[in-house]
Amino acid sequence: MINQKLLVSGADYFTDEFKINPYYSDSSIDLVGAVEEHAKILDCFCQAGIEVIKVDPPKNCQDGVYTANWAIVKDGIAVMAHLPKARRAEEPYARAQLEKLGIKTILPPEGALFSGQGDCLRCGNYLFAGSGYRSDPIAQQFVAETLGLELVQLHAIPELNTDGTPHINPVTNHADSFFYDLDLAVSVISENCFAYCPDALDQASQAKLAKLPIDKIQVSLEEATKGFACNLVSTGKTVIMSAHAPKFQAELEKRGLTCITPEISELKKGGGYIRCISLWLS
């Protein structure tokens, strides 16, 4: 069983002040709706038998609701994130909260960007790691070595300007992608099954995943982008996932999994969804 204990915060300070990824747009965020959605997702976690540990969101941090980016945790050890400048204030708060839970915290290599669980997904002994946007390969190699996992280094396709050049986010000054965190393109279903959107990844990454000797499910680009299909939480028996990915849901149900599909419209305006608001502790 996976995702038996999750750390979550809250959407109290969720805004679109800093448009740090392509999903932030000119459409205004309904904060009341976002808070209600967050509570609904937590109810779904509880329905799935997941232990939910809730902490207050870090004050005045618009993306503090996305606890997945705080760290990656395994066996009581957390490698902490090093986030874009607009999210940097979350880092000491996140470290303090994990240490209060008795988790040993370790910092990534100095100066290396690292987006925590958002860019590092554990599937059995594999570590699926996305780089090029919010995480540097040196940080992910460090995570793999520290946590004793086999690194599978991946890279998602970039967002392009009309002239075909990579789009640079004006807030972060980093290259942008609609899969800026890997958890928008890849999801872990169980210790020996994962799902991924081939069209979200470059050819080399697709080849790496296709060769892995474990069960895999392919997700369409439409369901991955419009439905946030891959951004889910699975216990290995129950999957809390998008209500707008019917083909993917059907594949999961064929495998005997139970799917819970809350309706989400506000939280996704910040480029986050079900996986993003939850950090897997154990």
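Worth saying up front: this structure is predicted, and the values here are computed from it rather than measured.

A. Main features of helix α3 (residues 137-147). By the burial criterion, the buried members of α3 are A139, Q140, V143, A144 and L147. All buried residues of α3 fall inside an arc of 140° around its axis, so they share one side. Exposed and facing more than 90 degrees away from the buried side of α3 are I138 and E145. Buried-residue contacts for α3 involve β3 (71-74), β4 (77-80), β6 (120-123), β7 (126-130) and β8 (150-154). At the exit of α3 stands G148, carrying a positive phi of roughly 70°.

B. Spatial organisation of the sheet that holds strand β5 (residues 104-106). An order of β3-β4-β5 is seen for the three strands of this open sheet, with the pairing classed as mixed. Two strands lie at the open edges of the sheet, namely β3 and β5, each paired on one side alone. Strand-to-strand twist of the sheet, defined as the mean angle between neighbouring strand axes without regard to direction, takes the value 25°. In this structure, β4 lies alongside β5, joined through three bridges in parallel fashion. Across the sheet, the residue bridging to I77 is K104, located in β5. Contacts between helix α2 (residues 90-100) and the sheet are confined to β3, β4 and β5, with β4 contributing the most and set at about 180° to the helix. Against the sheet, α3 makes contact with β3, β4 and β5, and its axis sits at roughly 170° relative to β4, the strand it touches most.

C. Representation of the nonpolar core. Counting 68 residues, the largest nonpolar core has F45, F128 and F248 as the members making the most contacts within it. Counting residues per element, this core draws most heavily on helix α1 (residues 31-47), at five residues. Apart from the residues lying within four places of it in its own chain, the contact partners of F248 are S187, I189, A195, I217, V219, E223, A229, L232 and M241.

D. Structural context of empty space enclosed by the protein. Counted under the stated rule, the structure contains three cavities of 30 Å³ or more. In this structure, the largest cavity encloses a volume near 140 Å³. Elements that contribute at least two residues to the lining of the largest cavity include exactly β3, β6, β9 (186-190) and β12 (233-234). Residue composition of the lining of the largest cavity, by class: 11 nonpolar, four polar and three charged.

Calculation criteria
Residues numbered from 1 in each chain as written. Predicted model: local features only at pLDDT ≥ 70, side-chain atom pairs only at ≥ 80, totals over all residues. Heavy atoms only, no water. Buried < 20%, exposed > 50% of the residue type's maximum accessible area, 1.4 Å probe, protein only. Helix = DSSP H or I, 4+ residues; strand = E, 2+ residues; numbered from the N terminus. Arc of directions from axis to C-beta. Contact = heavy atoms within 4.5 Å. Pairing = 2+ DSSP bridges. Axes fitted to C-alpha atoms, helices over the stretch in contact; angles between N-to-C directions. Core = buried A, V, L, I, M, F, W, Y, C linked by side-chain atoms within 4.5 Å. 1 Å grid on protein atoms, 1.4 Å probe; cavity = no way out; pocket = protein on both sides within 12 Å on 5 of 7 lines; lining within 4 Å. Points joined across faces, edges and corners; volume = space filled by probe spheres on them. Nonpolar A, V, L, I, M, F, W, Y, C, P; charged D, E, K, R; others polar.

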